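Descriptive structure summary
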Amino acid sequence: LGVPLLWHVRVDDPDPWLDGLLSRLASTIVTNSAATAARLGVVPAAAGKLTIVPNGVDLAHFSPGPPDPGLRDALGLDAALPVVGFFGRLEHRKGVDVLLDAAARVHTKLPMAFLIVGDGPLGDRLAARAAAEGLPVCFAGRRDDVSDLMRLCAVVVLPSRREAFGRVLIEAMATGVPVVATVVGGIPEVCRDGVTALLVPSEDPDALAVAIALTLTDQDATAARVAAAAADVRARFDLAAHAARVHGVYAQTLARAGARPTGDEA
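Rules used in this analysis
- Residues numbered from 1 in each chain as written.
- Predicted model: local features only at pLDDT ≥ 70, side-chain atom pairs only at ≥ 80, totals over all residues.
- Heavy atoms only, no water.
- Core = buried A, V, L, I, M, F, W, Y, C linked by side-chain atoms within 4.5 Å.
- Buried < 20%, exposed > 50% of the residue type's maximum accessible area, 1.4 Å probe, protein only.
- Helix = DSSP H or I, 4+ residues; strand = E, 2+ residues; numbered from the N terminus.
- Contact = heavy atoms within 4.5 Å.
- Pairing = 2+ DSSP bridges.
- Axes fitted to C-alpha atoms, helices over the stretch in contact; angles between N-to-C directions.

Right, let's get into the nonpolar core. Ranked by size, the top nonpolar core spans 67 residues in total, and within it Leu75, Leu115, Leu169, Leu208 and Ile212 carry the most contacts. Counting residues per element, this core draws most heavily on helix H4 (residues 96-106), at 7 residues. Once residues lying within four places of it in the same chain are set aside, the contact partners of Leu115 are Leu75, Val83, Val84, Gly85, Phe86, Cys138, Ala140, Leu149 and Cys153. Counting residues in each nonpolar core, the second largest holds 7 residues, with Val9, Ala26, Leu40 and Val43 among its members.

Another aspect to go through is the sheet that holds strand E7 (residues 155-158). Taken together, the 6 strands give an open sheet; going across it, the order is E6-E5-E4-E7-E8-E9, and neighbouring strands pair in parallel fashion. Each edge of the open sheet is held by one strand with a lone partner, namely strand E6 (137-141) and strand E9 (198-200). Averaged over all adjacent pairs, the angle separating strand axes in this sheet is 20°, with direction ignored. Relative to strand E5 (residues 113-117), strand E4 (residues 83-87) runs parallel, the two sharing 5 bridges. Bridge pairing in E5 links Phe87 to Val117.

So, on to the sheet that holds strand E1 (residues 6-9). Across the sheet, 3 strands lie side by side as E1-E2-E3; this open sheet has parallel pairing. A single partner strand is all that each edge strand has here, and the edge strands are E1 and strand E3 (50-52). Taking the axes of each pair of neighbouring strands and ignoring which way they run, one obtains an average angle of 25° across the sheet. One ladder, built from 4 bridges, connects E1 with strand E2 (residues 28-31); its direction is parallel. Looking across to E2, one finds that Leu6 is bridged to Thr28. Most of the contacts of helix H11 (residues 239-256) go to E1, to which it runs at about 150°, and overall it touches E1, E2 and E3.

The following block contains the structure:
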């Protein structure tokens, strides 16, 4: 029909059949990171069609604020302990098992509580392991009050083995919570090690434990990273700016096809 196709790619897992097919059909391909774009680097049909538009965050929703003590009590989190938070799918690629390895190392020396938000195929196994090892972990399941839960956290950790972007990082950064993450996929495009976050190798619970401990104990350095992260989110990841960039991509695609967006479409 001559209607231009714009393909949004938000995961870095290659698809041996769809990647080639959709790359040929698409007029424009939008990815959320260079790491995601690399998925299509071996697809000749994608050449010249790729543009990167990072994910955005609603700064009105994810913003600094006081933690809700009632919410903390409802989750059974010890008010005397700092909370280390994880937000995401409970699956192998997210590395939650590595976080539990790090928790076992650091908790005996620096007591803290752990909040795991999300569900997935490893949920029951991870919960059973935490209980067996006596780790103070709250498995909150899937929630729709993520911003409130983040305000309970002293640090948010993303220990992924693979990660196309890491949206939870910009949510935490916007909320004023320090972040620790692994140097995989698109994460280094989102965070700068030592400037807006502490980044460690994947599959390294010792390094992860050290980064968590440093975040909780070196308050001056942590505060500096939090301030830098908040400024970076405002500059690069504001949702309104993200929407404007996406709209610009659509407008360019339509212009190349000889069409113009109407007021309603804009």
